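Close look at the chain arrangement
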Amino acid sequence: MATSKEYGLGEHRFPRGWFMIAGADEATTQPAAVRFFGQDMVLYRGETGTPHLVEAYCPHMGAHLARNTTSYIVRDGEQVQGDSIRCPFHGWRFDGKGQCDDVPYSKFVPKAATLKTFPIVERAGIIWMWHDEEGQEPDYPLPDFGGHYGAPGWVQWKIDFMGDLDCHGIEIVDNMADFGHFIPIHGAKDFTYFANEFQDHVLHQFYSAGHRTLTAAEGDQLVLDTWYEGPGFLQSEMAGEYDSFIMIANTPIEDGRSRTWHALMVQVNDGSRPINDEDRAAALAYQEGSRLAFAQDVEIWQNKRACIAPLALPSDGPYGKVRLWYKQFYNPRADAGTFQKRVNGLVVTHDTRPGSKAA
Ligand code: FES
Ligand SMILES: [Fe+2]
């Protein structure tokens, strides 16, 4: 494991961006302890249905708001009321904005008693957090995941937790440039196209190749458009036997340690008939195939040493550019444009399509 500083990423230990922190079903009226970006936090869902993410430690005397099972506040089910959360220690309660709104034994409620809150959004069955070391509003929106989640004919994803890795996010994002690993790791064959396009905070990978088992006939190609919007999650539109949409998230827990998830939704019909159990089973089998493909990367990351400076060949793919692109999220927002200008554009690593120069 190596830290952001050891990779020379920039001024910040943690990147700016949208990050997955939990599946939506993990936010309940039973507050849960979570840890990301080197901070202990608590995730809960108000009785109104709105999820909240707050710092874990009570400003009164420092009790942990979620790591408690024996207090009478918890046993009596009094911890979440409306959108507020009550501390198990002396019962101080904090509203959805973090302001103390009740001290059970005092009419005076100090203004200074506030709990830090973190900006989150619930979308596509996932809780997303905006993280910014400069504490500013998002400079790019959370996407709508192709608009497929909940769309007619699409089976919604279930979330696969893929592990807490002693691996910095940069090594996970490196994969975007990594032309050389698809044949040895993933069983690709007959590559016809591999390219990356850098567009400000977005990084694309365009991929076209056959596969040992996933493509049916000789000459068939898996065609993927895969991209990062910011440093925290990959999206991929995959055309195949079924059209599908992949999401792979990596979120820093500590500097140099990442939590990873995978999810895939599948279009099982054109929306003209309801989704049945058979569709759901087919979609789950498809998701499992994709999960296993991602697990091939995860096994490498779980066991590798840190790679501060790749010994990369030009035909490996544009690692240097990917790492430069990634740095925009570790530096003051004012400098992001400078990094973007240096990398924006298309880099073609492999092109043997009919009519191309190398064909
Ligand atoms: S420590 Fe939370 S109410 Fe006292
Ligand atoms: Fe991979």
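The numbering scheme is per chain: residues are counted from 1 as the chain's sequence reads. Chain A is the first chain written and ligand 1 is the first ligand written, with later ones labelled in order. Given that this is a predicted model, residues contribute local features only at a pLDDT of at least 70 and side-chain atom pairs are listed and counted only at 80 or more, while totals for whole chains, interfaces and linings are drawn from all residues. Note: side-chain values were computed over all heavy atoms of the structure, leaving out hydrogens and water.

**Observations regarding the packing of aromatic side chains**
Two measures describe an aromatic ring pair: the distance that separates the ring centres and the angle between the ring planes. Two aromatic rings from Phe, Tyr or Trp, using only the six-membered ring of Trp, form a pair when their centres are within 6.5 Å; if the ring planes differ by under 30 degrees the pair is stacked, by over 60 it is edge-to-face, and anything between is tilted. Throughout the structure, instances matching the rule amount to 23 aromatic pairs. When the ring of Phe 179 is compared with that of Phe 194, the centres are 5.4 Å apart and the planes differ by 50°; the resulting orientation is tilted. Highlighted residues: Phe 179 in the loop between helix 2 (169-173) and strand 14 (188-199) and Phe 194 in strand 14, separated in sequence by 15 residues. The same class applies to Phe 179 and to Phe 194, which are both buried. The structure contains a cluster of three or more aromatic residues connected by ring pairs, namely Trp 128, Phe 145, Tyr 149, Trp 157, Trp 227, Phe 233 and Phe 245. Sitting over the ring of Tyr 72, Arg 75 keeps its end group 4.4 Å from the ring centre. Note that Arg 353 overlies the ring of Tyr 193, its terminal NZ or CZ placed 3.9 Å from the centroid. Per the convention used, a helix needs a DSSP run of H or I reaching at least four residues, while a strand needs a run of E reaching at least two, with both numbered from the N terminus. Only protein chains enter the calculation, and the probe is 1.4 Å; a residue is then buried if its accessible area is under 20% of its type maximum, exposed if over 50%, and partly exposed in between. Note on geometry: a ring has a charge over it if NZ (lysine) or CZ (arginine) is within 6 Å of the ring centre and within 35 degrees of the ring normal.

**As for the pattern of salt bridges**
One side-chain nitrogen of Lys or Arg within 4 Å of one carboxyl oxygen of Asp or Glu is enough to make a salt bridge. With the rule as written, the count across this model stands at 18 salt bridges. Across the salt bridge formed by Glu 254 and Arg 35, the nearest N and O atoms sit 2.5 Å from each other. Separated by 219 residues along the polypeptide, Glu 254 in strand 18 (residues 243-254) and Arg 35 in strand 2 (residues 32-36) bring together distant segments of the chain. Residue Arg 35 is classed as partly exposed on the basis of its relative accessible area, which comes to 29%. Where Arg 353 meets Asp 351, a salt bridge forms, and the shortest distance between an N and an O atom there is 2.8 Å. Residue Arg 353 is classed as partly exposed on the basis of its relative accessible area, which comes to 37%.

**Brief notes about the coordination of the iron ion (ligand 2)**
Distances define the donors: N, O and S atoms within 2.8 Å of the metal qualify, as do those within 3.2 Å of Na, K or Ca. Water is excluded, so some sites may look unfinished. Only Asn 175 (ND2), His 181 (NE2), His 186 (NE2), Asp 297 (OD) and Asp 297 (OD) from the protein coordinate the iron ion (ligand 2), and they sit 2.1 to 2.6 Å from it. Every donor residue of the iron ion (ligand 2) comes from the same chain, spaced as N-x5-H-x4-H-x110-D. On the criterion of sequence distance, the pair formed by Asn 175 in the loop between helix 2 and strand 14 and Asp 297 in helix 3 (residues 277-303) is long-range, its members being 122 residues apart. In this pair, the class of Asn 175 matches that of Asp 297, namely buried.

**Focus: the sheet that holds strand 2**
The antiparallel open sheet is built from 4 strands, whose spatial order is 2-3-4-9. Here the strands that pair on one side only, and so sit at the sheet edges, are strand 2 and strand 9 (117-118). Relative to strand 4 (residues 51-55), strand 3 (residues 39-45) is paired through 5 bridges, and the arrangement is antiparallel. Paired with Val 42 across the strands is Val 54, a residue of strand 4. Only when DSSP finds a minimum of two bridges between them are two strands counted as paired.

**Some points on the domain arrangement of the protein**
Throughout, the edges of the domains are those of an automatic or database domain assignment. According to the domain assignment, the protein contains domain 1 (17-131) and domain 2 (145-351). For domain 1 and domain 2, the distance between their C-alpha centres works out to 33 Å. Each partner contributes to the roughly 1400 Å² buried at the junction of domain 1 and domain 2, and carbon and sulfur atoms together form 73% of this total. Viewed at the interface, domain 2 and domain 1 are joined by 1 salt bridge. Within the residue set of the side of domain 1 that touches domain 2, elements represented by two or more residues are strand 1 (17-23), strand 2 and strand 11 (126-131). By convention, the term buried area covers the 1.4 Å-probe accessible surface removed from two parts as they join, with the contributions of both added.

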